[in-house]
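# What the coordinates show
In case you want the letters, here they are:
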Amino acid sequence: YNPSTQQLASATAGDFGLWAPEQKSVAKHKVSSKILTLGWSNDGQYLALGHYDGNVSIRDKNGADKVLIQRNGPVWSLAWNPSREEPYDVVALGCWDATLSFYQLNGMQVGKDKELGFDPCTVSYFSNGEYICIGGTDRKVTLATKEGTMLTTICERDSWVWCARPRPKQNYVAVGCEDGSVGMYQLIFSTVHGLYQDRYAYRDYMTDV
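Residues numbered from 1 in each chain as written. Predicted model: local features only at pLDDT ≥ 70, side-chain atom pairs only at ≥ 80, totals over all residues. Heavy atoms only, no water.

Okay, the packing of aromatic side chains next. Inspection of every chain in the model, using the stated rule, returns 6 aromatic pairs. Centroid distance Trp76 to Trp96: 5.1 Å. Interplanar angle 40°. Geometry classified as tilted. Taken as a pair, Trp76 in strand E8 (residues 75-80) and Trp96 in the loop between strand E9 (90-95) and strand E10 (99-104) lie far apart in primary sequence, 20 residues in all. Classification of Trp96 by relative accessible area gives partly exposed; the value is 24%. Summarising the aromatic geometry, the rings of Trp160 and Trp162 are spaced 6.2 Å apart at their centres and angled 45° between planes, so their arrangement reads as tilted. Residue classification places Trp160 among the partly exposed residues on the basis of a relative accessible area of 29%. (Phe/Tyr/Trp six-rings, centres within 6.5 Å; stacked < 30°, edge-to-face > 60°. Helix = DSSP H or I, 4+ residues; strand = E, 2+ residues; numbered from the N terminus. Buried < 20%, exposed > 50% of the residue type's maximum accessible area, 1.4 Å probe, protein only.)

Listed below in structure tokens is the structure:
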């Protein structure tokens, strides 16, 4: 659902549709490869489509092609960073070549691929954009920084994790697995303090001192 307009985007193996209450018909656009995931940018102006052939197509709100990003494996999950403080829009891509990668709206990659060691099925940001939840074929949900640095394991499950979604503006994560189970986990973010030669220090946003 578009965050700023009343558009709804839907996707199939052969096309994607843009629905709006003021339009009598659905605007459909053909695609060459099955769509696995999709998401609107924060301002609702652009729609990113993750395809089975490894391409990510970024379209404008009318469905016109803007940018094509080529990856090496099916793109099963993508998420836009929700933070308004970022200098540019960033989309995180979870690909089935066991990588997590980040791209700007113009198609430029931010940093290098993050080797995960498993295939990601779900990638989602916390509402402030500081952290990412990653789940997949390793049967875990992992917490990472917005740059993709792994911090800790949130939970371990008995089957593949297909969905992990943080609750908006709270430190809870809902987890859905392939075996049909759903769980809810609470994260406790503790502040790391230190005292060195009469100087006080603490770690902010889990940065490395």
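Further notes follow.
Enumeration according to the criterion identifies 3 salt bridges in this entry. A salt bridge links Asp65 to Arg59; the shortest N-O distance between them is 3.1 Å. Judged by its relative accessible area of 9%, Arg59 is buried. Across the pair Lys146 and Glu86 runs a salt bridge whose closest N-O atoms are separated by 2.8 Å. Of the two residues, Lys146 is situated in the loop between strand E14 (140-145) and strand E15 (150-156) and Glu86 in the loop between E8 and E9; the sequence distance between them amounts to 60 residues. (Salt bridge = Lys/Arg side-chain N within 4 Å of Asp/Glu carboxyl O.)

Unlike most non-glycine residues, Ala98 shows phi in positive territory, near 65°. As for its placement among the helices and strands, Ala98 is situated in the loop between E9 and E10. The residue Lys169 is not glycine, and still its phi comes out positive at about 60°. Structurally, Lys169 is set in the loop between strand E16 (161-166) and strand E17 (172-177).

A separate point is the pairing of E17. Alignment of E16 against E17, held across 5 bridges, turns out to be antiparallel. Within E17, the residue paired with Arg165 across the bridge is Ala174. Hairpin remark: E16 followed by E17, antiparallel, with 5 residues in the connecting loop; positive phi at Lys169, about 60°. Relative to strand E18 (residues 182-186), E17 runs antiparallel, the two sharing 5 bridges. If you follow Val173 over to E18, its bridge partner there is Tyr185. Between the end of E17 and the start of E18, which pair antiparallel, lie 4 residues, with Gly180 showing a positive phi angle near 90°. (Pairing = 2+ DSSP bridges.)

When a protein is soluble and globular, its nonpolar side chains tend to lie buried together. In this structure, Phe126, Val141, Ile154, Val173 and Val175 are the most contacted members of the largest nonpolar core, which totals 13 residues. When residues of this core are traced back to their parent elements, those giving at least two are strand E13 (131-136), E14, E15, E16 and E17. Counting residues per element, this core draws most heavily on E17, which supplies 3 residues. Beyond its immediate stretch of four places on either side in the chain, Val175 contacts Val141, Cys155, Arg157, Val161, Cys163, Ala164, Ser181, Val182, Gly183 and Tyr185. (Core = buried A, V, L, I, M, F, W, Y, C linked by side-chain atoms within 4.5 Å. Contact = heavy atoms within 4.5 Å.)

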